[in-house]
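# Tertiary structure, described
Each chain, written out:
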Amino acid sequence: MAPATSSTSSAITLNINGEKHQLTIDHRTTLLDALRERLDLTGTKKGCDQGQCGACTVLVDSRRVVSCLNLAVAAEGREITTIEGMAEGDELHPVQQAFLDLDGYQCGYCTPGQICSAVAVIEEHAAGWPSAVTDDVGPEAGPPPLTPDEIRERMSGNLCRCGAYVSIVQAVSRAAGAYEATRDERRTAAAKEAAA
Ligand code: FES
Ligand code: FES
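Given the structure is predicted, the values throughout are model-derived calculations rather than measurements.

## Topic: the domain arrangement of the protein chain
What the domain assignment lists for the protein chain is domain 1 (9–84) and domain 2 (94–195). Computed over C-alpha atoms, the centres of domain 1 and domain 2 are 22 Å apart. Between domain 1 and domain 2, the contact holds 14 residues from the first and 13 residues from the second. For the side of domain 1 that touches domain 2, the secondary structure elements donating two or more residues are β3 (57–60) and β4 (63–66). With 3 residues, the single largest contributor to the side of domain 1 that touches domain 2 is β3. A per-class count over the side of domain 1 that touches domain 2 returns 6 nonpolar, 5 polar and 3 charged.

## A few points about the sheet that holds strand β5 (residues 79–81)
The 5 strands are arranged β2-β1-β5-β3-β4 in an open sheet whose pairing can be described as mixed. Each edge of the open sheet is held by one strand with a lone partner, namely β2 (19–26) and β4. Strand-to-strand, the axes of this sheet are offset by a mean angle of 40°, without reference to chain direction. Along the sheet face, helix α3 (residues 111–126) touches β3 and β4 and points at about 40° away from the line of β3.

## Brief notes about helix α1 (residues 31–38)
Three or more residues of α1 are buried, namely L31, L32, D33, A34 and L35. Lining the buried residues of α1 we find β1 (9–16) and β2. Just downstream of α1, D40 is the residue with a positive phi angle, here 60°.

## Considering the pairing of β2
Every other side chain in a regular strand lies on the same face of the sheet, so the side chains alternate between the two faces. Here β1 runs beside β2; their pairing, made up of 8 bridges, is antiparallel. If you follow S10 over to β2, its bridge partner there is I25.

## As for the packing of α3 against helix α5 (residues 165–181)
Axis separation between α3 and α5 bottoms out at 10 Å; the angle between their running directions is 45°. When the axes of α3 and α5 are compared, the pair comes out oblique. The hand of the α3/α5 crossing is right-handed. Contact residues: α3 offers Q114, A118, V121, I122, H125 and A126, while α5 offers I168, V172, A175, A176 and Y179. Here the contact of α3 with α5 is composed, by residue class, of 9 nonpolar, 2 polar and no charged.

Thresholds applied
- Residues numbered from 1 in each chain as written.
- Chains lettered and ligands numbered in written order.
- Predicted model: local features only at pLDDT ≥ 70, side-chain atom pairs only at ≥ 80, totals over all residues.
- Domains from an automatic or database assignment.
- Contact = placed C-beta atoms within 7 Å.
- Helix = DSSP H or I, 4+ residues; strand = E, 2+ residues; numbered from the N terminus.
- Nonpolar A, V, L, I, M, F, W, Y, C, P; charged D, E, K, R; others polar.
- Pairing = 2+ DSSP bridges.
- Axes fitted to C-alpha atoms, helices over the stretch in contact; angles between N-to-C directions.
- Buried ≥ 20, exposed ≤ 12 C-beta atoms within 10 Å, placed from the backbone.
- Parallel < 35°, antiparallel > 145°, perpendicular 65-115°, else oblique.
- Left-handed = near helix turned anticlockwise from the far one by under 90°.

Rendered as structure tokens:
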């Protein structure tokens, strides 16, 4: 039986990887601790627990967040995606596949956060968002090419103690290329789904 709510706890529903999870939770619980300690979703890692390393990165409404600095109660009603929700059945997400193919990891501890972050980076870039190293942000500029410097800057919130950065940049670049190649296909499928 779920514990009763109090002035310091609430019953909430979290929508994670397309599944609803009901829990009664202390208001001070971070999203990271709710995922790992209450819901057994331990793919999301705790590194620094203070927003410095990116190991705990997940997607909330398709935007990347560090789950150690977000409260679980604030995530109610949002779509949360963790590393456990990236693959479709046995088919890895293209970013997961690229990390695997190009050895974008050593110990793997930072990898779930790196992959979640990379998925959002590719979406942000495709949407035309500039970064701190984008030269031209004028209205005529268009999306900047996703160069290694752009990838390094956009992924700079995700640290890797093993130093697998060279392979990580290559993996993000390859996955971004695959994403670009299938963009029209995915847009058509999304339009059909919306019209159905
Ligand atoms: S554990 Fe969240 S940023 Fe390090
Ligand atoms: S692969 Fe070991 S910390 Fe990144």
